[in-house]
Amino acid sequence: MHANTDTDTGADTGSGAVVPGGLIPGARPGGGGTGPGARVAPPRVLTVAGSDSGGGAGIQADLKTMLALGTHGMSVITAITAQNSLGVQGVWELPEEAVRAQYRSVVDDIGVQAVKTGMLASARLVETVAALLADVAAPVVVDPVGVSKHGDSLLAESALDAVRGVLLPLATVATPNLDEVTQLTGIVVDDEEGMRRAAGAILEYGPRWALIKGGHLAGDAVDLLTDGTAEHWLRAPRHDNRHTHGTGCTLASAIAAGLAKGLGVPEAVAAAKTYVTAAILAGFPLGGGVGPVHHGVTLP
């Protein structure tokens, strides 16, 4: 039996949706040291993803989201894209040794409280990142990025087996959209029952939770979060705004920020949904194509 909850995330921010970080409660801004006024770092979140030169998605969207939600964002860049509001004009993968060096530099010194993965481009990079994450104790949010907002491929077909076999088993939460569900499972989703089937198929690859994003369906923007037992349906009004570049990256990063702050998975996902819904409503035109969501949006 499924424990089914249906959440409207269109207005109420919910408990812990956005909290400022930086100081221990009651502490005063001050210098270094460990006294009552000592500065304390906010929760630390690492994004492992590609760079979007236009600033709407990828590493750039991740870091903006992490800052907006009161966490300290850090990055491991896996690929560089030449990208703007019209599409992706070029992709250049980084060498495995560059990815490993960035990761070790951050994790061995600063440490992480949550990790988000995005564009990994190729089987060799998926396998490299999975090997690095195998020993991490922090929660991992896997956004299995397959195509850009404009339909440009961001993941080689040959990498799908690696995503299924070595990356998804490491995920605390996997966040595929409907196109990525089809890429990974072969299931074509056209209704909410199809989302339930898709979630079951994704969970078979090993993540603890699957978040199936139904934003491409007609009607309200509905997502399904499940661990195979509990179901959480998250609904929000669909806003009439075409400027939605970076939505998936932003949602996954917002979930990671919530997990880094100690929220449980359902709470972190609900808070992230509220933030992304507001960011979509405030999305703005940029260039000659699809503009980004507004990462600096003020929540009600």
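Predicted model only: the values in this text are computed from it and were never measured. (Residues numbered from 1 in each chain as written. Predicted model: local features only at pLDDT ≥ 70, side-chain atom pairs only at ≥ 80, totals over all residues. Heavy atoms only, no water.)

1. A short note on the overall build of the protein chain
The number of helices and strands found in the protein chain is eight helices and ten strands. A total of 300 residues make up the protein chain; the buried ones form 52% of that total. The contacts of the protein chain with a sequence gap of at least 6 include a subset with a gap of at least 24, amounting to 67%. For the protein chain, the computed accessible surface area is about 12,500 Å², with 55% contributed by carbon and sulfur atoms. (Helix = DSSP H or I, 4+ residues; strand = E, 2+ residues; numbered from the N terminus. Buried < 20%, exposed > 50% of the residue type's maximum accessible area, 1.4 Å probe, protein only. Contact = heavy atoms within 4.5 Å. Areas by Shrake-Rupley, 256 points an atom, 1.4 Å probe, with all protein chains shown as cover.)

2. Let's talk about the nonpolar core
Ranked by internal contacts, the top residues of the largest apolar core, which has 51 residues, are Leu 46, Val 112, Val 126, Met 195 and Ile 212. With six residues, helix α3 (residues 123-133) is the single largest residue contributor to this core. Discounting chain neighbours no more than four positions away, the residues touching Val 126 are Leu 120, Leu 155, Ala 159, Ala 162, Val 163, Val 166 and Leu 167. Listed in part, the 30 residues of the second largest apolar core include Val 45, Val 173, Leu 251 and Val 293. (Core = buried A, V, L, I, M, F, W, Y, C linked by side-chain atoms within 4.5 Å.)

3. So, the side chain of Thr 250
Tracing the sequence through the fold places Thr 250 in helix α7 (residues 247-260). A polar side-chain atom of Thr 250 sits 2.7 Å from the main-chain carbonyl oxygen of Gly 246. Those residues within four positions of Thr 250 in sequence are excluded, and the remaining contacts are Ala 61, Thr 65, Tyr 275, Val 276, Val 293 and His 295. (Polar contact = N/O pair within 3.5 Å; in protein donor to acceptor, adjacent residues only side chain to side chain.)

4. Focus: helix α6 (residues 192-203)
Compared with an ideal rise of 1.5 Å per residue, which puts twelve residues at 16 Å, α6 spans 17 Å between its outermost C-alpha atoms and is within 8% of the ideal. Turning to α6, its buried residues number three or more, namely Gly 194, Met 195, Ala 198, Ala 199, Ala 201, Ile 202 and Leu 203. Looking at the buried side of α6, the elements it contacts are β7 (173-174), α5 (178-185), β8 (209-213), β9 (221-226) and β10 (230-236). A side-chain oxygen of the first residue of α6 lies 3.3 Å from the backbone nitrogen of Glu 193; this N-cap is Asp 191. (Expected span 1.5 Å × (residues − 1).)

5. Side note on the packing of helix α1 (residues 58-68) against α7
Helix packing geometry: the angle between the two helix axes and the distance between the axes. Following both chains from N to C, one finds α1 and α7 inclined at 40 degrees, their axes separated by 8 Å at the closest point. Taken together, the axes of α1 and α7 are oblique relative to one another. For the pair α1 and α7, the sense of crossing is right-handed. Every residue of α7 that contacts α1 at Gly 58, Ala 61, Asp 62, Thr 65 and Met 66 is listed here: Cys 249, Thr 250, Ser 253 and Ala 254. (Axes fitted to C-alpha atoms, helices over the stretch in contact; angles between N-to-C directions. Parallel < 35°, antiparallel > 145°, perpendicular 65-115°, else oblique. Left-handed = near helix turned anticlockwise from the far one by under 90°.)

6. Observations concerning α1
By the burial criterion, the buried members of α1 are Gly 58, Ile 59, Ala 61, Asp 62, Thr 65 and Met 66. Buried residues of α1, viewed axially, fall in a sector of 165 degrees; they line one side. Turning to α1, the residues buried within the fold contact β2 (44-52), β3 (72-84), β5 (114-117), α7 and α8 (265-281). Taken from the residues just after α1, Gly 70 is the one with a positive phi, measuring 80 degrees. (Arc of directions from axis to C-beta.)

7. Digging into the pairing of β10
Regular strands place side chains that alternate from one sheet face to the opposite one. Along β10, six of the seven residues are buried, which leaves the element largely enclosed by surrounding structure. Both β9 and β10 contribute to a ladder of six bridges, which runs antiparallel. In the strand pairing of β10, Leu 224 is matched with Trp 233. The antiparallel hairpin formed by β9 and β10 contains three residues in its connecting segment, where Gly 228 sits at a positive phi of about 95 degrees. (Pairing = 2+ DSSP bridges.)

8. A few points about the pattern of salt bridges
Following the criterion strictly, the structure yields ten salt bridges and no others. The partner of Glu 192 in a salt bridge is Arg 235, and the shortest N-O contact between them spans 2.8 Å. With Glu 192 in helix α6 and Arg 235 in strand β10, the pair connects residues that are 43 residues apart, well separated along the chain. Three or more residues joined by partner-sharing salt bridges are found here, namely Glu 93, Glu 96 and Arg 124. (Salt bridge = Lys/Arg side-chain N within 4 Å of Asp/Glu carboxyl O.)

9. Looking at empty space enclosed by the protein
In total, this model carries one cavity of 30 Å³ or more according to the counting rule given. The calculated volume of the largest cavity comes to roughly 60 Å³. Lining the largest cavity, in full, are Thr 117, Gly 118, Leu 120, Ala 121, Val 126, Asp 143, Pro 144, Val 145, Leu 155, Val 163 and Leu 167. The class makeup of the residues in the lining of the largest cavity is eight nonpolar, two polar and one charged. (1 Å grid on protein atoms, 1.4 Å probe; cavity = no way out; pocket = protein on both sides within 12 Å on 5 of 7 lines; lining within 4 Å. Points joined across faces, edges and corners; volume = space filled by probe spheres on them. Nonpolar A, V, L, I, M, F, W, Y, C, P; charged D, E, K, R; others polar.)

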